[in-house]
Amino acid sequence: MISLSIHNFGCRVNQAEALLWADEFQEKGIRLEKDFQQSDFVLINSCTLTHRSDRDVKKFIKRVSRSNPKARVIVTGCLVEGAYEDLQALPQTWRLFRNTDKNDLAARVVSMIRPQEKPLPRVNFRSRALLKIQDGCNFQCTFCIIPTVRGKSSSLPLKEIIAQGKKFVSQGYKEIVLTGVHICSYGRDLKSRGNFRGLLQEMEKIEGLRKIRLSSLDPRFLSGPMLEHIAASSKICPHFHLSLQYGADDILARMGRKIKVADYHRILAYLRKNSPQASLGADIIIGFPGESEEDFEATYHFLEKSPLTYFHVFPYSPRPGTAASSWLQTDENVKKRRASLLRKLSRQKNLNFRCQFLERELDGIVIKKDKDGAEILTYNYFKVAAPRCSSEEREEVRVKIKKASQKETIGVMASS
Ligand code: SF4
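Residues numbered from 1 in each chain as written. Predicted model: local features only at pLDDT ≥ 70, side-chain atom pairs only at ≥ 80, totals over all residues. Heavy atoms only, no water.

**Concerning the overall build of the chain**
Secondary structure summary: the chain contains 13 helices and 18 strands in total. At 22 Å, the chain has a C-alpha radius of gyration in line with the 22 Å of a compact globule built from 416 residues. In terms of overall dimensions, the chain has a C-alpha envelope of 60 × 55 × 45 Å along the principal axes. Every one of the 416 residues in the chain was classed for burial, and the buried ones make up 53%. By sequence separation, contacts in the chain at least 24 residues apart represent 73% of the contacts at least 6 residues apart. Carbon and sulfur atoms make up 51% of the accessible area of the chain, which amounts to about 19,100 Å² in all. Across the chain, 69 positive and 47 negative side-chain charges occur, with their mean positions spaced 1 Å apart. (Helix = DSSP H or I, 4+ residues; strand = E, 2+ residues; numbered from the N terminus. Rg over C-alpha atoms; globule rule 2.2 N^0.38 Å. Buried < 20%, exposed > 50% of the residue type's maximum accessible area, 1.4 Å probe, protein only. Contact = heavy atoms within 4.5 Å. Areas by Shrake-Rupley, 256 points an atom, 1.4 Å probe, with all protein chains shown as cover. Lys, Arg positive; Asp, Glu negative; His and termini not counted. Charge placed at Lys NZ, Arg CZ, Asp CG, Glu CD.)

**What to know about a positive patch on the surface**
Together, R52, K336, R343, K344 and R347 give the surface a local cluster of positive charge. Sorting elements by how many residues they give to the positive patch places helix α13 (residues 332-355) first, with four residues. Mapped onto the fold, K336 is located in helix α13. (Patch = residues over 30% accessible without salt bridge, like charges linked within 9 Å, V, L, I, M, F, W, Y side chains within 5 Å. Salt bridge = Lys/Arg side-chain N within 4 Å of Asp/Glu carboxyl O.)

**Looking at the nonpolar core**
By size, the foremost hydrophobic cluster in this structure holds 66 residues, and its most contacted members are L178, F196, M203 and L217. Not counting residues within four places of it along the chain, the set of residues in contact with F196 comprises I133, L178, I183, C184, Y186, L214, L217 and M226. Residues V57, V80, Y84 and L87 belong to the second largest nonpolar core, which totals 19 residues. (Core = buried A, V, L, I, M, F, W, Y, C linked by side-chain atoms within 4.5 Å.)

**Structural notes on the site of the ligand**
By nearness alone, every residue bordering the ligand is listed as C137, F139, C141, F143, C144, I146, P147, V181, H182, R220 and R257. Looking at the shell around the ligand residue by residue, the class counts come to eight nonpolar, one polar and two charged. (Near = heavy atom within 4 Å. Nonpolar A, V, L, I, M, F, W, Y, C, P; charged D, E, K, R; others polar.)

Here it is, written out as structure tokens:
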């Protein structure tokens, strides 16, 4: 029996694509293998968001061929768009597929492999389902390579999304994560002129679906009615992650992000007031060209005073082909120092927030189960270790928070 392993780099969109490919391969009799050292084919879904992503993908390709020389390596994803010739020149790569080939990638691979087997029983590789609703982006933020490698914004038809959502529920998933490159743009390119809020209203009607988690939200699209909807919905997880990118207006302008920090204050204050349990997260780029010590201090102060409960900090990485890559760059050591200060602040704010839930009960999904107990992801985005848990992966549970520290949150199972 032919075996294949899938390795994702980068974003949730890549993970959502791989989840559907996994099903298709199993339906065609290809055995999914977690360990790339044991598989006949290794499919890599690559990323090119930062120079580090490029380096990690290339390193992994070489590692596969060193530890499993017989494996045939297939590469797709954003690095293929950005470095086709480089990857083609690598003796280790067997086939390359562009992002535009992804919609029927599994069928293309199957037609090359020609498995002779019957369909295999479906094996789950995830505890929560990721559903890609949209791809590409129509913006041109000065630091971002994504529009170049993933193209213009394109939305999946509503019918297809709802059908896939229902299929995930029938496969036992309790939580679906809606993902895309720019999910707030959903529907704008469709003849039916749908929109993201309309999609949410339809998803909320799916029977048996417990929770919908939203991936990154662009604050420029969070209108009053949109904010009201996501904060009030009993189906949408109280976890809102915003692509803020920075906390000072002059740098936001240089990034091409037509929004002001004052708007961030308004949006975050509304979400905190109307969804008190919610985790509020943000992406922040540090060390952008032209960033002064004053800009950094203003951003630090904004984040410190904000109701945000965590932020992902990305040291700016110049991407060839983006406007900002040709501007005067910030010193790497300065970037490192500022990034570590923000990460420290994020850890402290997150601990303070988790401590507010001591002795309180939260609902969530078992995302990992082993001999040491379970790991639960609560709907408001806490990872909780529960030593004694009889429930299985993907099951919905209630957990009482007993301890919170910098490195972990511990809970005991509560009767739901
Ligand atoms: S940062 Fe987001 S909105 Fe801006 S170009 Fe990239 S994907 Fe689009």
